[in-house]
Amino acid sequence: MDTILSVKGVGKTYASGHTALDAVDLDIGRGEIFALLGPNGAGKTTLISIICGIVTPSSGSITVAGFDAQREYKQARRRIGLVPQELSVDMFETVLATCRFSRRLFGRAGHDALIEQVLRDLSLWDKRDAKIMELSGGMKRRVLIAKALVHEPDVLFLDEPTAGVDVELRRDMWRLIHRLRENGTTIILTTHYIEEAEEMADRVGVIAKGRLLLVEEKGELMKRLGKRELDVALAEPLSAVPPGLDGVTLANDGRTLRYVFRPEDEGAGIPALLRRLEAAGIAFTDLETHKSSLEDIFVGLVHDGVHEREQAA
Ligand SMILES: Nc1ncnc2c1ncn2[C@@H]1O[C@H](COP(=O)(O)OP(=O)(O)OP(=O)(O)O)[C@@H](O)[C@H]1O
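Criteria and thresholds
- Residues numbered from 1 in each chain as written.
- Predicted model: local features only at pLDDT ≥ 70, side-chain atom pairs only at ≥ 80, totals over all residues.
- Near = placed C-beta within 6 Å.
- Helix = DSSP H or I, 4+ residues; strand = E, 2+ residues; numbered from the N terminus.
- Nonpolar A, V, L, I, M, F, W, Y, C, P; charged D, E, K, R; others polar.
- Core = buried A, V, L, I, M, F, W, Y, C linked by C-beta atoms within 7 Å.
- Buried ≥ 20, exposed ≤ 12 C-beta atoms within 10 Å, placed from the backbone.
- Contact = placed C-beta atoms within 7 Å.
- Axes fitted to C-alpha atoms, helices over the stretch in contact; angles between N-to-C directions.
- Parallel < 35°, antiparallel > 145°, perpendicular 65-115°, else oblique.
- Left-handed = near helix turned anticlockwise from the far one by under 90°.
- Pairing = 2+ DSSP bridges.
- Domains from an automatic or database assignment.
- Expected span 1.5 Å × (residues − 1).

Under an unreviewed UniProt entry, the protein chain has the name ABC transporter ATP-binding protein and belongs to Sphingomonas aracearum.

With that settled, consider the site of the ligand. Close to the ligand lie Y14, S16, H18, A20, G38, N40, G41, A42, G43, K44, T45 and T46, which account for all nearby residues. When residues in the shell around the ligand are grouped by element, the largest group, three residues, is from helix 1 (residues 44-51). Here the residues of the shell around the ligand sort into three nonpolar, eight polar and one charged.

If you look at the biggest cluster of nonpolar residues, it comprises 61 residues, and the most contacted ones within it are I51, A146 and F157. With residues up to four places along the chain from it excluded, the contact list for A146 reads C99, V118, L119, L122 and L124.

Right, let's talk about the packing of helix 3 (residues 95-105) against helix 5 (residues 137-149) for a bit. Closest axis-to-axis distance for the helix 3/helix 5 pair is 8 Å, and the angle between their directions is 30 degrees. Taken together, the axes of helix 3 and helix 5 are roughly parallel relative to one another. Both helix 3 and helix 5 take part in a crossing whose hand is right-handed. In this structure, helix 3 contributes V95, T98, C99 and S102 to the contact, and helix 5 contributes V143, A146 and K147. Split by residue class, the contact of helix 3 with helix 5 holds four nonpolar, two polar and one charged.

This part is about the sheet that holds strand 2 (residues 19-29). Strands belonging to one sheet form pairs held by backbone hydrogen bonds; the direction of such a pair is parallel or antiparallel. Spatially, the four strands line up as an open sheet ordered 2-1-4-5, and their pairing is antiparallel. On the outer flanks of this sheet lie strand 2 and strand 5 (67-68), each paired with one strand and no other. One ladder, built from seven bridges, connects strand 1 (residues 3-13) with strand 2; its direction is antiparallel. The residue of strand 2 that forms the bridge with T3 is G29. Packing of helix 1 onto the sheet brings it into contact with strand 1, strand 2 and strand 4 (59-64), and relative to strand 1 it is tilted by some 120 degrees.

What follows covers the domain arrangement of the protein chain. Many structure descriptions define interface size as the accessible area lost when the parts assemble. Under the domain assignment, the protein chain is made up of domain 1 (3-223) and domain 2 (227-291). Once you take the C-alpha centre of each, domain 1 and domain 2 turn out to be 45 Å apart.

Attention now goes to the environment of R170. Assignment of secondary structure puts R170 in helix 6 (residues 167-182). The class of R170 is partly exposed, set by 19 C-beta atoms lying within 10 Å. Separated by 26 residues in sequence, R170 and E196 place their C-alpha atoms 8.9 Å apart. Those residues in contact with R170, other than ones at most four positions away along the chain, are T162 and V165.

Taking strand neighbours across the sheet as the criterion, the six strands line up as 6-7-8-3-9-10 in an open arrangement whose pairing is mixed. In this open sheet, the two edge strands, each paired with only one partner strand, are strand 6 (80-83) and strand 10 (211-217). Between one strand and the next, the sheet's axes are offset by a mean angle of 15 degrees, whatever the strand orientation. Pairing of strand 7 (residues 155-159) with strand 8 (residues 186-191) involves five bridges; the strand directions are parallel. Each bridged residue has a counterpart across the sheet, and for L158 the counterpart in strand 8 is L189. Running at roughly 150 degrees to strand 7, helix 1 makes contact with strand 3 (33-37), strand 7, strand 8 and strand 9 (203-208) of the sheet. Helix 6 contacts strand 3, strand 7 and strand 8 of the sheet and is inclined by roughly 150 degrees relative to strand 8.

Let us look at helix 5. Taking 1.5 Å as the rise per residue, helix 5 with 13 residues should run 18 Å; its terminal C-alpha atoms sit 19 Å apart, in good agreement. Here helix 5 has its buried residues at R141, R142, V143, L144, I145, A146, K147 and L149. Elements in contact with the buried residues of helix 5: strand 6, helix 3, helix 4 (112-121) and strand 7.

Our focus in this paragraph is unusual backbone geometry. Even without a glycine there, the phi angle at A23 is positive, about 45 degrees. Take A23: it is sitting in strand 2. Unlike most non-glycine residues, S123 shows phi in positive territory, near 55 degrees. By the secondary structure assignment, S123 is in the loop between helix 4 and helix 5.

It is worth spelling out the environment of K8 at this point. Residue placement: K8 occurs in strand 1. Spatially, the C-alpha atoms of K8 and D25 are 4.6 Å apart, while their sequence positions differ by 17 residues. When neighbours within four sequence positions are excluded, K8 is seen to be in contact with D25, G60 and S61.

Here is the structure:
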């Protein structure tokens, strides 16, 4: 992996005594889309803020494109674009002036052609002379993205990019993120929306209570932890699960047999179950299968991870 961002043993205990991050290790490859998933208060914003030099870590170190985020703050920060959760622009400025100013802030020479391209990509070019306060909420968010991109960062952080936006804007953002990646930008997004990670990420990290519980390729995660569910509509309702049918429960007042299995488990799978049903003389009228989503996996992980820690404490 061509590592663009490396986080080593990063911890953060705030002055209040609260430990928001606990020895986090994470390497991000150039050009990947990485989704950091975690419930409220998990430490996502703290981690991003440390990487961006806004919050000082209590321990550990970070390099961005080979630059130490603390000792070589300026070089490291220049490689990063940050789209924060909260609006952080001068409401009386125009869109174009905001972008020009942001580029200069990172010591970059003026480049109006590039700024025009960024604004066009975000469908903001027509609004370039509008003051930020005159824009709709969705457009203000696009301005935040434009502002984070105009100094040509290698890594773009999107902190909850689509929280509270409508479905259309969310789809637009997803398209934009894919386009940015095609241009070589590495993207790290934090999200509560599992759907967002499922749709976009190459890899997923799950964080809860300051601990990175796992980092895995999305496809692998779905394969490894994903379960399948088969609902068998019975010709005649049953009052109890017949013996010898592992992993099977009754639902729908005994009219449905529900079978939950992992496809890679030995002896599991639909043909095996159907053979067992036949042997038990159980007739059925319909079959329906479901795959678990990343959401099911996430809920299970966060619950188990936090539970394990509490047991260990
Ligand atoms: N400045 C601060 N001082 C003390 N505690 C803080 C501070 N900032 C954050 N925390 C605490 O650290 C923990 C992690 O917060 P953080 O904002 O990083 O979580 P998050 O995963 O981004 O949550 P959300 O999804 O709600 O934005 C929380 O318990 C929070 O209350």
